[in-house]
Amino acid sequence: MQDNSNENKDTPAPFKSGINPDYKGKHAECDGGAQIAETKYAGRQFFAGTLTGDYRDFGDYPWRWYLLADLSAKPEAYTQEAVWCDEGSLILMDN
């Protein structure tokens, strides 16, 4: 998994990290979009897996992203073992 934090440790990362214990271990689905390779078009992407509880907040009015790992469903061309999902795109499967 790629870490998007800055390599220069003197410069703060563009996000704040944390852990939400209420989300840790919860099964979830995430629906998002991404560019279709070698085109100018975007398409829907569906992921399912287990939330780690890790999150990153971006911006002054936090835009929260959660880490979804142990993926049980992902796009065919997606090679990573985990994905960051926008909180608004998450569907929690556990009550």
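The structure we're discussing is the one just above.
Cut-off values and rules
Residues numbered from 1 in each chain as written. Predicted model: local features only at pLDDT ≥ 70, side-chain atom pairs only at ≥ 80, totals over all residues. Heavy atoms only, no water. Disulfide = S-S within 2.5 Å. Helix = DSSP H or I, 4+ residues; strand = E, 2+ residues; numbered from the N terminus. Buried < 20%, exposed > 50% of the residue type's maximum accessible area, 1.4 Å probe, protein only. Core = buried A, V, L, I, M, F, W, Y, C linked by side-chain atoms within 4.5 Å. Contact = heavy atoms within 4.5 Å.

Draft legend 1. Here's a closer look at the state of the cysteines. Applying the stated criterion across every chain yields a total of one disulfide. Paired by a disulfide, Cys30 and Cys85 hold their sulfur atoms 2.4 Å apart. Given an S-S torsion of about -120 degrees, the disulfide between Cys30 and Cys85 has left-handed geometry. Of this pair, Cys30 sits in strand E2 (residues 27-35) while Cys85 sits in strand E5 (residues 83-86), and the two are 55 residues apart along the sequence. A single burial state applies to Cys30 and to Cys85, both of which are buried.

Draft legend 2. Summary view of the nonpolar core. In terms of nonpolar packing, the biggest core is built from twelve residues, these being Tyr23, Ala28, Cys30, Phe47, Leu51, Tyr55, Tyr66, Leu68, Leu71, Val83, Cys85 and Leu90. Those elements that place two or more of their residues in this core are E2, strand E3 (42-58), strand E4 (63-73) and E5. Setting aside chain neighbours within four positions, we find Val83 in contact with Phe47, Tyr66, Leu67, Leu68, Leu71 and Tyr78.

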